[in-house]
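# Structural features, examined
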Amino acid sequence: MSPLPPAYDRPPRTRLDALSAGYDGRTVLHQVTADIPESAVTSLVGANGSGKSTLLSAVAGVIRPTAGTVVHRGGAPAFVPQRGAVSDALPLTVRQTVAMARWRERGLWRRLTGRDHSTVDEALERLGITDLAGRQLGELSGGQRQRAFIAQGLAQRSDLLLLDEPCTGLDPGTRQSISRLLADLAADGTTVVQATHDLDSARSGDHCLLLRAGHLDAAGEPGAVLDGAPALLS
Ligand SMILES: Nc1ncnc2c1ncn2[C@@H]1O[C@H](COP(=O)(O)OP(=O)(O)OP(=O)(O)O)[C@@H](O)[C@H]1O
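Residues numbered from 1 in each chain as written. Predicted model: local features only at pLDDT ≥ 70, side-chain atom pairs only at ≥ 80, totals over all residues. Heavy atoms only, no water.

The protein chain carries the name Metal ABC transporter ATP-binding protein in an unreviewed UniProt entry, which gives Streptomyces triticagri as its organism.

## So, the site of the ligand
Around the ligand, 13 residues are found, and the nearest of them are Asn48, Gly49, Lys52, Thr54 and His197. Between the ligand and tyrosine 23, the relevant distance is 3.5 Å, taken from a nitrogen atom to a side-chain nitrogen or oxygen of the residue. Residue serine 53 places a main-chain N or O atom 2.9 Å away from an oxygen atom belonging to the ligand. Out of a free accessible area of 640 Å², the ligand has 64% covered by protein chains. Contributing elements (two or more residues each) for the shell around the ligand: β2 (26–37) and α1 (52–60). Residue composition of the shell around the ligand, grouped by class: 3 nonpolar, 7 polar and 3 charged. (Near = heavy atom within 4 Å. Polar contact = N/O pair within 3.5 Å; in protein donor to acceptor, adjacent residues only side chain to side chain. Areas by Shrake-Rupley, 256 points an atom, 1.4 Å probe, with all protein chains shown as cover. Helix = DSSP H or I, 4+ residues; strand = E, 2+ residues; numbered from the N terminus. Nonpolar A, V, L, I, M, F, W, Y, C, P; charged D, E, K, R; others polar.)

## A short note on the environment of threonine 119
Following the sequence through the fold, threonine 119 ends up in helix α3 (residues 114–126). Judged by its relative accessible area of 7%, threonine 119 is buried. For the pair threonine 119 and glutamine 156, spaced 37 residues apart in sequence, the C-alpha to C-alpha distance is 8.6 Å. Discounting residues that sit within four places of it in the chain, threonine 119 has contacts with Arg102, Ala155 and Arg157. (Buried < 20%, exposed > 50% of the residue type's maximum accessible area, 1.4 Å probe, protein only. Contact = heavy atoms within 4.5 Å.)

## With respect to helix α4 (residues 142–154)
Taking 1.5 Å of rise per residue, 13 residues should cover 18 Å, and α4 covers 18 Å from first to last C-alpha, within 8% of that figure. Burial runs high along α4: 10 of the 13 residues are buried. Along α4, the residues classified as buried are Gly143, Arg145, Gln146, Ala148, Phe149, Ile150, Ala151, Gln152, Gly153 and Leu154. (Expected span 1.5 Å × (residues − 1).)

## Overview of the pairing of strand β3 (residues 41–45)
Most of β3 is tucked away: 5 of the 5 residues are buried. In β3, alternate side chains face the same way, and those of Val41, Ser43 and Val45 on one face and Thr42 and Leu44 on the other are all buried. In this sheet, strand β7 (residues 191–195) lies alongside β3 in parallel orientation, the contact comprising 4 bridges. Bridge pairing links leucine 44 to alanine 195 in β7. Bridging between β3 and strand β8 (residues 207–212) involves 4 bridges; their strand directions are parallel. What sits directly across from leucine 44, in β8, is leucine 209. (Pairing = 2+ DSSP bridges.)

## Details of the sheet that holds strand β1 (residues 12–23)
Spatially, β2-β1-β4 is the arrangement adopted by the 3 strands of the open sheet, whose pairing is antiparallel. This sheet does not close on itself; its edge strands, each paired only once, are β2 and β4 (67–72). Strand-to-strand twist of the sheet, defined as the mean angle between neighbouring strand axes without regard to direction, takes the value 20°. Sheet topology places β1 next to β2; 8 bridges connect them, and they run antiparallel. (Axes fitted to C-alpha atoms, helices over the stretch in contact; angles between N-to-C directions.)

## Thoughts on the sheet that holds strand β5 (residues 78–80)
The strand order across the open sheet built from 6 strands is β5-β6-β7-β3-β8-β9, with neighbouring strands paired in mixed fashion. Among the strands making up the open sheet, the edge pair consists of β5 and β9 (215–220). Neighbour-to-neighbour, the strand axes of this sheet turn through a mean angle of 15°, independent of strand direction. This element, α1, spans β3, β5, β6 (160–164), β7 and β8 of the sheet and lies at about 150° to β6.

## Quick notes on the pattern of salt bridges
Overall, the coordinates contain 9 salt bridges when judged by the stated rule. With a shortest N-O distance of 2.8 Å, aspartate 159 and arginine 13 are connected by a salt bridge. Here arginine 13 lies in strand β1 and aspartate 159 lies in the loop between α4 and β6, a separation of 146 residues in the sequence. Since its relative accessible area comes to 2%, arginine 13 is described here as buried. In this structure, the salt-bridge partner of aspartate 227 is arginine 203, at a minimum N-O distance of 3.1 Å. Of the two residues, aspartate 227 is situated in helix α7 (residues 222–227) and arginine 203 in helix α6 (residues 199–204); the sequence distance between them amounts to 24 residues. By relative accessible area, aspartate 227 is classed as exposed at 51%. (Salt bridge = Lys/Arg side-chain N within 4 Å of Asp/Glu carboxyl O.)

Next up, the structure:
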């Protein structure tokens, strides 16, 4: 198999054109135009409040653009919001949490199929949490819980995985292993977009978008984007 071309040469999986979005009439994301290359890890970086989560939510379809467009070349994305899509106060096991991804497609009144169960098993396996399947979500460490939420995202079987700060609050070893997992997913054909404050993780990705006060400040190869933003590195 020939190696994939660098991210900046890959076709866009998703294209943002003059995308603006916000809350209650207040615009926080201003006319962002960018491509998200397929089969690559794109990192959204920027200071607190720069609009990373808002951009992800707009790409996920959770909030509507106030202007501009998000065009997906493919199906609906899987979105793993900050702190996961379910409260860890709910009495759910890890397996039930991951299986929720399949219920969304089936509807609550249908039984999960054998393929659904295999998808859940594969997602648990891929995140290395098969042995935690029967544990309650509320009993897990931060890193274990984060893996369960990423597994839930994977089990949605989308080729576009959107993750809001998957590494926040985790120790360096766990952060590294999650970054490696994201790279493996991209190598297998999944387009990954992560909002992150972890600059090592951003640097190890393929592509980077830097937001400043809701504007796209730079885009491209991670090293070049991050080296051009010394304030972020301090
Ligand atoms: N649900 C919301 N309702 C109203 N305003 C919001 C909401 N979510 C975010 N904002 C505002 O939008 C702006 C951008 O926030 P956003 O969470 O997108 O930034 P961020 O870059 O992800 O920040 P952080 O790194 O702190 O997570 C901020 O001023 C924030 O207060």
